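Coordinates in review
So you can see what is in the structure, the chains are spelled out below.
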Amino acid sequence: MWFPGLGERTSLSRSERTNLPDKVAPGREYRDALVVHHLATRLTGQPADGPDDEDGAGV
């Protein structure tokens, strides 16, 4: 998965599915299904060049 934005980063993404088969079929109705998506990203490089905010946090 690709996460746009400024600066180098490491990211991971995963989902947990309940009451769904491993492969879902288009047009089929699934009831009582739950999908929880987890996303984490961490900047790993130096701050990107750009104007700083008043609080010094950067862009």
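A brief structural summary. (Residues numbered from 1 in each chain as written. Predicted model: local features only at pLDDT ≥ 70, side-chain atom pairs only at ≥ 80, totals over all residues. Heavy atoms only, no water.)

What follows concerns the overall build of the protein. Looking only at helices and strands, the protein has zero helices and two strands in total. Evaluated residue by residue, the protein yields a buried proportion of 2% over its 59 residues. Partitioning the intrachain contacts of the protein with sequence separation of at least 6 by distance along the chain shows that 45% fall at a separation of at least 24. Surface exposure of the protein reaches about 5,600 Å², of which carbon and sulfur atoms provide 50%. (Helix = DSSP H or I, 4+ residues; strand = E, 2+ residues; numbered from the N terminus. Buried < 20%, exposed > 50% of the residue type's maximum accessible area, 1.4 Å probe, protein only. Contact = heavy atoms within 4.5 Å. Areas by Shrake-Rupley, 256 points an atom, 1.4 Å probe, with all protein chains shown as cover.)

On to the environment of V36, then. Secondary-structure assignment places V36 in strand β2 (residues 34–43). Taking the relative accessible area as the measure of exposure, V36 reaches 32% and is therefore partly exposed. Each residue touching V36, except ones within four places of it in the same chain, is listed here: R14, S15 and E16.

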